[in-house]
Amino acid sequence: MNRDAPAFAWEFLCDPPRTASVAPSSAALARTATSPVPGSGDPVVVELGPGTGTITEVIRRRLGGRGRQLAIEVSPRLADRLALRYPDVEVICADATELPAILLDRVLVADVVVSGLPWAAFAGAGSPTLLDQLPGCLGGNGALTQLGYAATRWAPPARRQLDELCRSFEEVTTSRTIWRNLPPAVIHVARRPRRDR
Ligand SMILES: C[S@@+](CC[C@H](N)C(=O)[O-])C[C@H]1O[C@@H](n2cnc3c(N)ncnc32)[C@H](O)[C@@H]1O
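Note that this is a predicted model, so its numbers are computed, not measured.

What counts and what doesn't
- Residues numbered from 1 in each chain as written.
- Predicted model: local features only at pLDDT ≥ 70, side-chain atom pairs only at ≥ 80, totals over all residues.
- Heavy atoms only, no water.
- Helix = DSSP H or I, 4+ residues; strand = E, 2+ residues; numbered from the N terminus.
- Rg over C-alpha atoms; globule rule 2.2 N^0.38 Å.
- Buried < 20%, exposed > 50% of the residue type's maximum accessible area, 1.4 Å probe, protein only.
- Contact = heavy atoms within 4.5 Å.
- Areas by Shrake-Rupley, 256 points an atom, 1.4 Å probe, with all protein chains shown as cover.
- 1 Å grid on protein atoms, 1.4 Å probe; cavity = no way out; pocket = protein on both sides within 12 Å on 5 of 7 lines; lining within 4 Å.
- Points joined across faces, edges and corners; volume = space filled by probe spheres on them.
- Nonpolar A, V, L, I, M, F, W, Y, C, P; charged D, E, K, R; others polar.
- Core = buried A, V, L, I, M, F, W, Y, C linked by side-chain atoms within 4.5 Å.
- Salt bridge = Lys/Arg side-chain N within 4 Å of Asp/Glu carboxyl O.

Draft legend 1. Region of interest: the overall build of the protein chain. In terms of helices and strands, the protein chain carries 9 helices and 7 strands. Here the C-alpha atoms of the protein chain give a radius of gyration of 15 Å, agreeing with the 16 Å that 2.2 N^0.38 yields for 197 residues. Split into buried and exposed, the 197 residues of the protein chain put 48% on the buried side. Taking contacts inside the protein chain between residues at least 6 apart in sequence as the whole, the part at least 24 apart equals 67%. Accessible area of the protein chain: about 9,700 Å², with a carbon and sulfur share of 55%.

Here it is as structure tokens:
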């Protein structure tokens, strides 16, 4: 069992819609979600909704001290845990919709955004939504990876959000179902943000 499973399950009990899953992502899912992180150079990698840090750890290993790694988590409990465990990662306790301001403050443009956010976090009450803002946060060759659950993949909210992703990026591909994850999941990889929307 993942050592963070109890903390993750507690978070789910405290706020089920925001946490969206009862268990942290598996290593298999983390590998697929982080595949666009470049193996050379000094990329800026932003993780949205890092939870207990399964994907954070894989990004960190991939970067091996290169570039910048930011993790934006809305739950103060989870953000504090993550900051303690990874002092070399810039952990920011904030809503993901603050990403444009967070990057602007640091004069950064993201090369890769890895999102473990539930789709609901993209809907937002106001406008523009997070999905409207994401292309502006990425460089021209930037990539966004988004977690989706296989069981709800064909449900109207997930289909609407995927359509929206296709409108915001020139290329969107979806991984095979990752069965070694609870629940089974897919990773959408969106590349080349459209500037003409
Ligand atoms: C499905 S969990 C994924 C956790 C982790 N990435 C993993 O794969 O194990 C979703 C995470 O997103 C966080 N979250 C939800 N809405 C958010 C928002 N609007 N801004 C930042 N984080 C958010 C939750 O607190 C939770 O940690």
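Draft legend 2. Focus on empty space enclosed by the protein. All told, the structure shown has 1 cavity of 30 Å³ or more when counted by the stated rule. Computed from the structure, the largest cavity encloses a volume of approximately 40 Å³. For the largest cavity, the full set of lining residues is L29, A33, I55, V114, S115, G116, T145, Q146, L147 and I187. The biggest single contributor to the lining of the largest cavity is strand 5 (residues 138-149), with 3 residues. The class makeup of the residues in the lining of the largest cavity is 6 nonpolar, 4 polar and no charged.

Draft legend 3. Broad picture of the layout of surface pockets. The calculated volume of the largest pocket comes to roughly 510 Å³. Taken together, 33 residues line the largest pocket, and the ones lying closest to its centre are R18, G49, G116, L117 and P118. Of all the secondary-structure elements, those providing two or more residues to the lining of the largest pocket are helix 1 (5-14), helix 2 (16-19), helix 4 (54-63), strand 2 (68-73), helix 7 (120-123) and strand 5. Roughly 390 Å³ of internal volume is contained in the second largest pocket. P118, W119, A120, P157 and A158 are the residues nearest the centre of the second largest pocket, which is lined by 21 residues in total. Among the secondary structure elements, those contributing two or more residues to the lining of the second largest pocket are helix 7, strand 5 and helix 9 (156-168). Per-element accounting of the lining of the second largest pocket gives the leading share, 5 residues, to helix 9.

Draft legend 4. Region of interest: unusual backbone geometry. Residues L182 and P183 are joined by a peptide bond in cis, for which omega reads -5°. Within the secondary structure layout, P183 lies in the loop between strand 6 (169-174) and strand 7 (185-193). Residue A20 is not a glycine yet carries a positive backbone phi of 70°. As for its placement among the helices and strands, A20 is situated in the loop between helix 2 and helix 3 (27-33). Classification of A20 by relative accessible area gives partly exposed; the value is 32%.

Draft legend 5. How the structure looks around the nonpolar core. Grouped together as the largest cluster of nonpolar side chains are 27 residues, with contacts concentrated most on V46, L48 and L134. Of the residues forming this core, the biggest block, 4 residues, is contributed by helix 8 (residues 130-137). Among residues more than four places away in sequence, those in contact with L48 are I72, A96, L99, V113, V114, S115, G116, L117, L130 and L134. Residues A30, Y149, I178 and I187 belong to the second largest nonpolar core, which totals 18 residues.

Draft legend 6. Seen up close, the pattern of salt bridges. Per the counting criterion, the structure on display carries 14 salt bridges. A salt bridge links R60 to E57; the nearest nitrogen and oxygen atoms lie 3.9 Å apart. With a gap of 3 residues between them, R60 and E57 both fall in helix 4, about one helical turn apart. By relative accessible area, which is 28% here, R60 ends up partly exposed. Accessibility expressed as a relative area gives 22% for E57, which makes it partly exposed. Measuring nitrogen to oxygen at the nearest pair gives 2.9 Å for the salt bridge that ties E164 to R167. A residue pair is termed a helical-turn pair when its members lie 3 or 4 positions apart in one helix, as E164 and R167 do in helix 9 at 3 residues. Residue R167 is classed as partly exposed on the basis of its relative accessible area of 46%. A cluster of three or more residues bridged by salt bridges with shared partners is formed by E11, D15, R18 and R77.

Coordinates in, geometry out; function isn't part of it.
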